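Inside the fold
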Amino acid sequence: MAFRQANWNEPLIFELSGKGKIGQIPPKLTREEESVLQEAMKTFPADMLRGTLSDLPEVSEVEVVRHFTRLSQENYSVDLGTYPLGSCTMKYSPKICEVVSASPKMKNLHPLQHTSLTQGILRMLYELSGFLAEVTGMSKVSLQPSAGAQGELCGALIIRAAHKERNELDKRMEMIVPDSSHGTNPASAAMAGFKVVVVPSDDEGCVNLEALKSVVNDKTAGMMITNPNTLGIFEKRILDIAEIVHDAGGLLYYDGANLNAILGKTRPKEMGFDVAHINIHKTFGTPHGGGGPGAGPVGVTEELGKFLPTPTVEFNGKSYYLDYNRPRSIGKVRSFLGNISILLRAYAYILLLGAEGLEEAAEVSVMNANYLAKKVLATGRYVMPFDPKKVRKHEIVISTEKITAETGIRALDISKRLLDFGVHAPTAYFPLIVNEALMIEPTETESIEDLDRYAQILLKIAEEAYEQPRLLQDAPQNTTVGRIDDVAASHPKTMCLTWKMWKERRTS
Ligand SMILES: *Cc1c(COP(=O)(O)O)cnc(C)c1O
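To start, this report covers the structure provided alongside it. Worth saying up front: this structure is predicted, and the values here are computed from it rather than measured.

What follows is about the overall build of the chain. For the chain, the helix and strand inventory stands at 18 helices and 12 strands. Per-residue burial over the chain gives 47% buried out of 508 residues. Long-range contacts, defined as pairs at least 24 residues apart, comprise 70% of the intrachain contacts of the chain with a sequence gap of at least 6. Positive and negative side-chain charges in the chain, numbering 56 and 62 respectively, have mean positions lying 4 Å apart.

In C-alpha cells, the structure reads:
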C-alpha cells in the first residue's frame, strides 16, 4: 500500500524562461504568405492589436516536455487509480474514444467549412442526437451546450419560452428544486430569471410529496430534479411528482448529469419529464475534471422541439444540413455546433458499447456502489443516512458523524488521509442535507480488487481516527502538496491564479 507522490519542487515555466531559448522553429513564410499576412493585419481594428507579445516564456522543447511531465507526476487522475468522486462520475473512458476524436480528419475540419464538405461529421452529430434521444426518450436533442450547467440554463430558458408562448410567463416565475439538488440547478434557474423554491426531502431521502404539493401553484414554472437523486436513491414516486407539477401547469426538468444508473433501464420520458440534459463527460466516454472539457446536450418533448437552440442538424433523406430557420428558438447558446471533440467521443463510446453494453454499464455501476457500501459499513464506524438496507443506485452517501462525535475527526480529515494511500477522496460535504457526508461513486470501471482495496483503506482510516488521530489531522503527508488552507486558497485577497497576478502581488 506504500504510496508517495513525486515531489519536484518545479518552478513556474516563466521562471524557467531564458532570453532567446527556442522550442520549435516555425517554417518561414513564403513571400506570398507574408504579403497576405500583412494585408490581413491592416484589416484588424487598431485597438485590438496587441503589439509585441512580451512576457511569454522562452524555453526549449525538452524543457517544455520535462516541465509538464513533472507537473503531471504531481497530479492525480483516473489513469492512475480509483477516483470515486460522487456525482462527478470520474470513470475510466476507453482510449479508443480519444483516438476517434483526435483523428486529423475530425480535428482539422473548420467550423465554417461548407456543409457539402462536412457531411461525415454532420452525419455523426445527427446520429448522436438520435442515440441520445433514444437513451432519454426525448423527441429532439440539441448538442450545443458545453456543460451540464449550460444544458440546464438552456433547458430553463426553453421552459421560460414555453410559458411565454402561453402568455403565462408573467406569473410563472418559480422553479422548484429539492434540497438534495446539485448546486447548479438553483443557479441555472436563477440565471434564467426564475425565483428558486426549495422542497425538503422526507425521511426516506426522497422529495417530500406533501411539501411539494404545498409549494406548487399557478406561479410554478417547473421543477428541476435528478433521479436517482444525489443520495443515490431512486425517487420511486417520480410519476406522482410529475403529475403534481404538470397539474399545476409546470414543466418537469430532468438533470441527467449522471445517467449511469438508468441507462437502458428507464428513461426521463417514461418518468414524465419534458426537458432533460445529459452530461456527456460523465456518462459517455469523456474523462473530465479541472473544469472541462464537456458537453451537455439537451433533449425535449415533441411540443418543445421548436425552442431548441439554433441551428439544429437535420437530414432530408439525401444530405445533412443545418437548420437556421427556427423562429421560436431560444437562439444560440454556443458557437457553431457544440464541443465537437467531446461529442465524437460519445458517438464512439455508444457505438463501442451498443445498447446492451450501456445497460450492462448501468448494472455494474449500481452493483459496484452497493458492494462498496456493504464493505464500508461492515464495521459500524461509518453510517449510511436514510434506510441503509435500501439498495442504492450508482452512488452512495455515507456519513462520518459517529466517528466525528467520538473522536473529533471529520469527513475532511478522512478525505485528506485517503490521498496518502494513492487513491482519490470521494466528494465530501455534499449533498448538503447529510452531516459529514462522503459521497462515493465507484463507477462500473473499477475492478473488484480496486473496490476491496478502497473499502479496506476507508476502514483502516476509521480505526486510525481512534488510535492515531494526528495521522489524519496532519494528512496528507505522502502527496506533493500537503493540507491546503482552503480559506486562503479561495479568498480573493490571497487567491493567485495567474503569473500576472503573482507578479503584481510580489511588487505591491
Ligand atoms: C456534474 C453535475 C451537474 C453539472 O454539470 P457540469 O458539467 O459540471 O456543469 C449538474 N447536476 C448534477 C447532479 C451533477 O452531478
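Once the structure has been displayed, the description carries forward.
If you look at the biggest cluster of nonpolar residues, it comprises 56 residues, and the most contacted ones within it are L132, L212, M223, I241 and F284. Of all elements in the fold, only α6 (119-136), β3 (195-199), α9 (209-215), β4 (220-225), α10 (238-247), β5 (251-256), β6 (275-278) and α12 (340-377) reach the threshold of two or more residues within this core. Broken down by element, this core gets its largest block of residues, 11 residues, from α12. Setting aside its immediate chain neighbours within four residues, L132 contacts V141, L143, I278, I280, F284, P297 and I350. Membership of the second largest hydrophobic core comes to 33 residues, among which are Y76, L372, I398 and A465.

Take the packing of aromatic side chains next. Overall, the coordinates contain nine aromatic pairs when judged by the stated rule. For the ring pair F284 and Y349, a centre distance of 6.3 Å and an interplane angle of 80° mean the geometry is edge-to-face. Of this pair, F284 sits in the loop between α11 (280-283) and β7 (298-300) while Y349 sits in helix α12; the two residues are 65 residues apart in sequence, bridging distant segments of the chain. What makes Y349 buried here is its relative accessible area of 4%. A ring pair is formed by F315 and Y320, whose centres lie 4.3 Å apart and whose planes are at 25°; its orientation type is stacked. One aromatic cluster is present, formed by F14, W499 and W502 through successive ring pairs. The lysine or arginine in question, R70, covers the ring of W8, its NZ or CZ lying 4.9 Å from the ring centre.

With that out of the way, let us pick up the site of the ligand. The environment of the ligand is formed by 13 residues, the closest being S87, G148, D255, H281 and K282. Between the ligand and A149, the relevant distance is 2.8 Å, taken from an oxygen atom to a main-chain nitrogen or oxygen of the residue. Take N279: an N or O atom from its side chain is 3.0 Å from an oxygen atom of the ligand. Relative to its unbound accessible surface of 380 Å², the ligand loses 87% to contact with the protein. Mapped by element, the contributors of at least two residues to the shell around the ligand are α7 (148-165) and α11. At three residues, α7 tops the list of elements feeding residues into the shell around the ligand. Of the residues contributing to the shell around the ligand, the split by class is three nonpolar, seven polar and three charged.

Once that is clear, we can look at the sheet that holds strand β11 (residues 427-428). Pairing in this open sheet of three strands is antiparallel, and the strands run β10-β12-β11 from one edge to the other. Two strands in the sheet have a free side with no partner beyond their single neighbour: β10 (396-399) and β11. Here β10 pairs with strand β12 (residues 437-440) via four bridges, running antiparallel. The partner of I398 across the bridge, within β12, is L438.

This next bit is on the state of the cysteines. Using the criterion set out here, one finds zero disulfides in the structure. No disulfide involves C88; its nearest neighbouring cysteine sulfur is the one of C97, lying 20 Å away. Classification of C88 by relative accessible area gives partly exposed; the value is 23%.

This paragraph deals with the pairing of β3. Where strand β2 (residues 174-178) lies against β3, five bridges are found, and the strand directions are parallel. By the bridge assignment, P178 is partnered in β3 with V199.

About the cut-offs
- Residues numbered from 1 in each chain as written.
- Predicted model: local features only at pLDDT ≥ 70, side-chain atom pairs only at ≥ 80, totals over all residues.
- Heavy atoms only, no water.
- Helix = DSSP H or I, 4+ residues; strand = E, 2+ residues; numbered from the N terminus.
- Buried < 20%, exposed > 50% of the residue type's maximum accessible area, 1.4 Å probe, protein only.
- Contact = heavy atoms within 4.5 Å.
- Lys, Arg positive; Asp, Glu negative; His and termini not counted.
- Charge placed at Lys NZ, Arg CZ, Asp CG, Glu CD.
- Core = buried A, V, L, I, M, F, W, Y, C linked by side-chain atoms within 4.5 Å.
- Phe/Tyr/Trp six-rings, centres within 6.5 Å; stacked < 30°, edge-to-face > 60°.
- Lys NZ or Arg CZ within 6 Å of the ring centre and 35° of its normal.
- Near = heavy atom within 4 Å.
- Polar contact = N/O pair within 3.5 Å; in protein donor to acceptor, adjacent residues only side chain to side chain.
- Areas by Shrake-Rupley, 256 points an atom, 1.4 Å probe, with all protein chains shown as cover.
- Nonpolar A, V, L, I, M, F, W, Y, C, P; charged D, E, K, R; others polar.
- Pairing = 2+ DSSP bridges.
- Disulfide = S-S within 2.5 Å.

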